[in-house]
Amino acid sequence: MFVCGIPFLVTRSRGIKFNTVEFIPSRKAGQLANSLKKVLYLYARGGFVVNVIFMDGEFRSLQELLSLVELNITAAREHVPEVESIIRRIKEKVRAYTSEFAYRWIPTLLLIHTVYTAVF
């Protein structure tokens, strides 16, 4: 997900309806794999085991980096509908929050924490 050109990794659990979002400074495969591992460890701390991850085709390069779980990558021109609706809701909340700011230009760190607040 991009908010004002800033990339974020958004995850959604189907069973427990748990959302996470993380700022990613680069969209390289190593950075994405590390961010997904953080999410997997977060679920493990809660006692949940992640078996399958549904992803867009953009994440195809992660198959060899994440051997712990099965990656179900969608075909071309397909999307994961649960995540798409969550992304729309997050962006809607961020727009509502930022409309109340007294800034003409929103600093990057403030925007990152606004996205975190919208998910929280």
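For the structure itself, look to the data block above.
Residues numbered from 1 in each chain as written. Predicted model: local features only at pLDDT ≥ 70, side-chain atom pairs only at ≥ 80, totals over all residues. Heavy atoms only, no water.

### Here we look at the side chain of Thr114
For clarity, the cut-off: Per the convention used, a helix needs a DSSP run of H or I reaching at least four residues, while a strand needs a run of E reaching at least two, with both numbered from the N terminus. Polar contact is defined as a pair of N or O atoms within 3.5 Å, subject to the rule that within protein one atom must be able to donate a hydrogen and the other to accept it, and that residues adjacent in sequence are counted only when both atoms are side-chain atoms. For this analysis, residues touch if any pair of their heavy atoms sits within 4.5 Å.
Its place among the elements puts Thr114 in helix α3 (residues 108-119). Of the polar contacts made by the side chain of Thr114, one reaches the backbone oxygen of Leu110; its length is 2.6 Å. Dropping the residues within four chain positions of it, Thr114 is found in contact with Val94, Tyr97, Thr98 and Phe101.

### A word on the environment of Met1
Rules: Accessibility here uses a 1.4 Å probe with only protein chains present; expressed as a share of the type maximum, an area under 20% marks a residue as buried, one over 50% as exposed, and anything in between as partly exposed.
Within the secondary structure, Met1 is located in the segment before β1 (2-3). By relative accessible area, Met1 is classed as buried at 16%. Not counting residues up to four positions away in its chain, the partners in contact with Met1 are Ile6, Pro7, Phe8, Val10, Val21, Ile87, Ile90, Lys91 and Val115.

### Description of the packing of helix α2 (residues 81-98) against α3
Formally: Only C-alpha atoms enter the line fits that serve as axes; for helices the fit covers just the stretch in contact. Angles between N-to-C directions range over 0 to 180 degrees. For classification purposes, angles smaller than 35 degrees are called roughly parallel, those larger than 145 roughly antiparallel, those between 65 and 115 roughly perpendicular, and all remaining angles oblique. In a left-handed crossing the near helix is turned counterclockwise from the far helix by less than a right angle, and in a right-handed crossing that turn is clockwise.
In contact at an axis separation of 9 Å, α2 and α3 are set at 120 degrees when each is read in the N-to-C sense. In terms of their interaxial angle, α2 and α3 are classed as oblique. Seen along the crossing, α2 lies across α3 with a hand that is right-handed. Together, Ile90, Lys93, Val94, Tyr97 and Thr98 of α2 and Leu111, Thr114, Val115, Thr117, Ala118 and Val119 of α3 make up the contact between the two elements.

### Here we look at the nonpolar core
Counted only if it meets this: Working definition of a nonpolar core: buried Ala, Val, Leu, Ile, Met, Phe, Trp, Tyr and Cys residues. They are joined through side-chain atoms within 4.5 Å.
Met1, Val3, Phe8, Val10, Ile90, Val94 and Val115 are the most contacted members of the largest nonpolar core, which totals 16 residues. Of all the secondary-structure elements, those providing two or more residues to this core are β2 (6-12), α2 and α3. Examining the composition of this core, we find that five residues originate from one element, α2, more than from any other. Counting 14 residues, the second largest nonpolar core, distinct from the first, contains Leu9, Ile24, Leu32 and Met55.

### Some words on the packing of aromatic side chains
Rules: Ring geometry is summarised as follows: Phe, Tyr and Trp rings, the Trp one being its six-membered ring, pair when their centres sit within 6.5 Å, and such pairs are stacked at plane angles under 30 degrees, edge-to-face over 60 and tilted between the two.
One pass over the structure, following the stated rule, counts three aromatic pairs. Taking the centre distance of 6.1 Å and the plane angle of 65 degrees together, the rings of Phe8 and Phe23 count as edge-to-face. Here Phe8 is found in strand β2, whereas its partner Phe23 is found in strand β3 (residues 19-23), with 15 residues between them in sequence. Judged by relative accessible area, which is 3%, Phe8 ranks as buried. Judged by centre distance (6.2 Å) and plane angle (70 degrees), the rings of Phe101 and Tyr103 are edge-to-face. Given a relative accessible area of 26%, Phe101 falls into the partly exposed group. Here Tyr103 falls in the exposed class, since its relative accessible area comes to 51%.

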